[in-house]
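For reference, the chains in residue letters:
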Amino acid sequence: SSSESIDTDIITLSRFIIENQRNFQNAKGNLTLLLNALQFAFKFISQTIRKAELVNLINVQNHSISINSTGDVQKKLDILSDEIFLNAMKSCGVVKILVSEEQEDLIIFNTVEGEDETSYAVCCDPIDGSSNLDAGVAVGTIVSIFKILPETKAKYADPNELTKNVLRTGHDMVAACYAMYGASTHLFITFGDGVDGFTLDNNLGEFILTQPNLKIPEQRSIYSINEGNGYNWDESILEFLKFLKDPKSEMNKSTKSPYTARYIGSMVADVHRTFLYGGIFSYPCDKKNPNGKLRLLYEAFPMAFLMEQAGGKAVNDFGERILDLKPTHIHDKSSIWLGSTDDIDKYLKFIHDK
Ligand code: AHG
Ligand code: MN
Ligand code: MN
Ligand code: MN
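About the thresholds
- Residues numbered from 1 in each chain as written.
- Chains lettered and ligands numbered in written order.
- Predicted model: local features only at pLDDT ≥ 70, side-chain atom pairs only at ≥ 80, totals over all residues.
- Helix = DSSP H or I, 4+ residues; strand = E, 2+ residues; numbered from the N terminus.
- Rg over C-alpha atoms; globule rule 2.2 N^0.38 Å.
- Buried ≥ 20, exposed ≤ 12 C-beta atoms within 10 Å, placed from the backbone.
- Contact = placed C-beta atoms within 7 Å.
- Pairing = 2+ DSSP bridges.
- Near = placed C-beta within 6 Å.
- Nonpolar A, V, L, I, M, F, W, Y, C, P; charged D, E, K, R; others polar.
- Axes fitted to C-alpha atoms, helices over the stretch in contact; angles between N-to-C directions.
- Parallel < 35°, antiparallel > 145°, perpendicular 65-115°, else oblique.
- Left-handed = near helix turned anticlockwise from the far one by under 90°.
- Expected span 1.5 Å × (residues − 1).
- pLDDT = per-residue confidence, 0-100.

1. What about the overall build of the protein chain?
- Regarding its fold elements, the protein chain presents nine helices and 17 strands.
- Taking 2.2 N^0.38 as the reference for a compact globule, 354 residues should give roughly 20 Å; the C-alpha atoms of the protein chain span a radius of gyration of 20 Å, in line with that estimate.
- Considering only C-alpha atoms, the protein chain reaches an extent of 65 × 60 × 45 Å along its principal axes.
- Every one of the 354 residues in the protein chain was classed for burial, and the buried ones make up 45%.
- In the protein chain, of all internal contacts separated by at least 6 residues, the share reaching a separation of at least 24 is 67%.

2. Digging into the environment of Asp105
- Locating Asp105 in the fold gives a position in the loop between strand S3 (95-100) and strand S4 (107-108).
- With 54 residues separating them in the primary sequence, Asp105 and Pro159 have C-alpha atoms 9.7 Å apart.

3. Looking at the pairing of strand S9 (residues 195-201)
- By the criterion of burial, S9 is predominantly enclosed, with five of the seven residues buried.
- As paired elements, strand S8 (residues 185-190) and S9 share five bridges and run antiparallel to each other. For Ile189, the partnering residue across the bridge sits in S9 and is Asp196.
- Hairpin connection of S8 to S9: four residues between the antiparallel strands, including Gly192 at a positive phi of 90 degrees.
- Hairpin connection of S9 to strand S10 (residues 206-211): four residues between the antiparallel strands, including Gly205 at a positive phi of 70 degrees.

4. Some details on unusual backbone geometry
- For Asn56, which is not glycine, the phi dihedral falls at a positive 65 degrees.
- Take Asn56: it is sitting in the loop between helix H3 (30-51) and strand S1 (66-67).
- Positive phi, close to 45 degrees, is recorded for Asn213, a residue that is not glycine.
- Take Asn213: it is sitting in the loop between S10 and strand S11 (222-224).

5. A word on the site of ligand 1
- In the neighbourhood of ligand 1, 13 residues make up the surrounding shell, with Asp128, Gly129, Ser130, Asn226 and Met267 lying closest.
- Classifying every residue of the shell around ligand 1 gives two nonpolar, six polar and five charged.

6. Details of the packing of H3 against helix H4 (residues 76-91)
- Between H3 and H4, the shortest axis-to-axis distance is 9 Å and the interhelical angle comes to 160 degrees. Judged by the angle between their axes, H3 and H4 are roughly antiparallel. Our pair here, H3 against H4, has a crossing hand that is right-handed. Across from Ala37, Phe40, Ala41, Phe44, Ile45, Thr48 and Ile49 in H3, the residues of H4 making contact are Leu77, Leu80, Ser81, Ile84, Phe85, Ala88, Met89 and Ser91.
- Here the contact of H3 with H4 is built from residues that sort into twelve nonpolar, three polar and no charged.

7. Thoughts on the sheet that holds strand S6 (residues 139-147)
- Ordered by their spatial adjacency, eight strands build an open sheet running S4-S3-S5-S6-S7-S8-S9-S10, and the pairing between neighbours is mixed. The sheet terminates laterally at S4 and S10, the two strands that pair on one side only.
- With eight bridges joining them, S6 and strand S7 (residues 173-181) adopt antiparallel strand pairing. Bridging from a neighbouring strand, Val143 pairs with Cys177 of S7.

8. Considering the pairing of strand S13 (residues 280-283)
- Alternating positions in S13 separate into two faces, Ile280 and Ser282 on one and Phe281 and Tyr283 on the other, with burial throughout.
- Two elements, S11 and S13, share two bridges in a ladder whose sense is parallel. Each bridged residue has a counterpart across the sheet, and for Tyr223 the counterpart in S13 is Ile280.

9. A closer look at H4
- The first and last C-alpha atoms of H4 sit 23 Å apart over 16 residues, in line with the 22 Å expected at 1.5 Å per residue.
- Those residues of H4 that sit buried are Leu77, Asp78, Ser81, Asp82, Ile84, Phe85, Leu86, Ala88 and Met89.
- Turning to H4, the residues buried within the fold contact H3, strand S2 (73-74), S3, S4, strand S5 (120-128) and S6.
- Immediately downstream of H4, the backbone of Gly93 shows phi near 80 degrees, a positive value.

10. Some remarks on the sheet that holds strand S12 (residues 260-261)
- Spatially, five strands are ordered S12-S11-S13-S17-S15 in an open sheet, and the strand pairing comes out mixed. Of all strands in the sheet, those bounded by a partner on one side alone are S12 and strand S15 (313-315).
- Two strands pair when backbone bridges link them, and S11 and S12 are joined in this way by two bridges, in the parallel orientation. Paired with Tyr223 across the strands is Ala261, a residue of S12.

11. Quick look at the confidence of the model for the protein chain
- A residue-level look at the protein chain finds 93% of positions with pLDDT of 70 or above and a mean pLDDT of 93.
- On the interface metric, ipTM, the complex scores 0.99, and its pTM is 0.96.

12. Looking at the environment of Asn229
- Of note, Asn229 is situated in the loop between S11 and helix H6 (235-245).
- For Asn229, a count of 17 C-beta atoms within 10 Å puts it in the partly exposed group.
- It is 9.1 Å that separates the C-alpha atoms of Asn229 and Lys287, two residues lying 58 residues apart in sequence.

13. Structural notes on helix H8 (residues 296-309)
- Most of H8 sits out of view: 14 of its 14 residues are buried.
- A positive backbone phi angle near 95 degrees is found at Gly311, which sits one or two residues after H8.

Laid out in structure tokens, this is it:
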């Protein structure tokens, strides 16, 4: 009968949050409010991207091309998604600070009266992979979440004091997630106790738990890097890739076959594939981007947190753990190598032996 083939007791993200709320330290329901607003933003952005071609949001000739604070061209959907995200965070009443790739300065909100001590700082990349938008390739939204520092409470009027809430190491994040708008819309989230994967059911309008406690495979011979930047790389990175591509190298002695290349150009999509299939994703420093291209607060940190929680690793070019880093400016960048433990260990051994 149909009742046998249809699960009538599915776990939605809302149910998951309610059931796990007791595990969130001092959350007092505020994290639930924040996650509801996040879900809404992801659904809204997802819808907007799927309609983009029909309502003229792509291939638009920008008469006045705008550039954001990290030097990227802003597309119409970058700005629209930023607005959607900002409004969702502003209205939920529990977000004190918002950092966005598309906003030069941090944004300060008024939280619900008396709730400032239990409010959050949220950092986001509203659309990751925006250069892929016009081609209909998967893009996403990346988010990191910090709890407001109690000692800054008395200094709320001073923006410099408030910035300290996000100039912290990655270990201070209480949650991180990304939504990927691909063939389906996926949501991977961590609260520091593993990673859970959800898929948006468009008819129900709900994120459904599809990958509980997801773990990354320990090894997979896939590398994901923009090799077109090779000319501007440090020689050692070229050498490392040469080893990966050589079936006879020490690095491939267990598989006896070379690594295969996969590079989409949306961090979200490349990292999503890495979670599911394994392998290495990297964006190293190069002569044009001496500190790497990806931004710490809303790209490297949340992905590193998720990656470690899924059993993988995330380091920079020098082998330092991404979560140990501490930005000095909200849009600071970092080089990154993340993925399966065995594969990242090959990189760590390689730089160590040099
Ligand atoms: P964003 O679209 O948020 O600015 O991020 C772009 C990032 C990231 O998605 C991707 O991994 C990387 O840029 C691709 O850069 P290249 O085109 O230089 O390979
Ligand atoms: Mn950008
Ligand atoms: Mn991005
Ligand atoms: Mn972006």
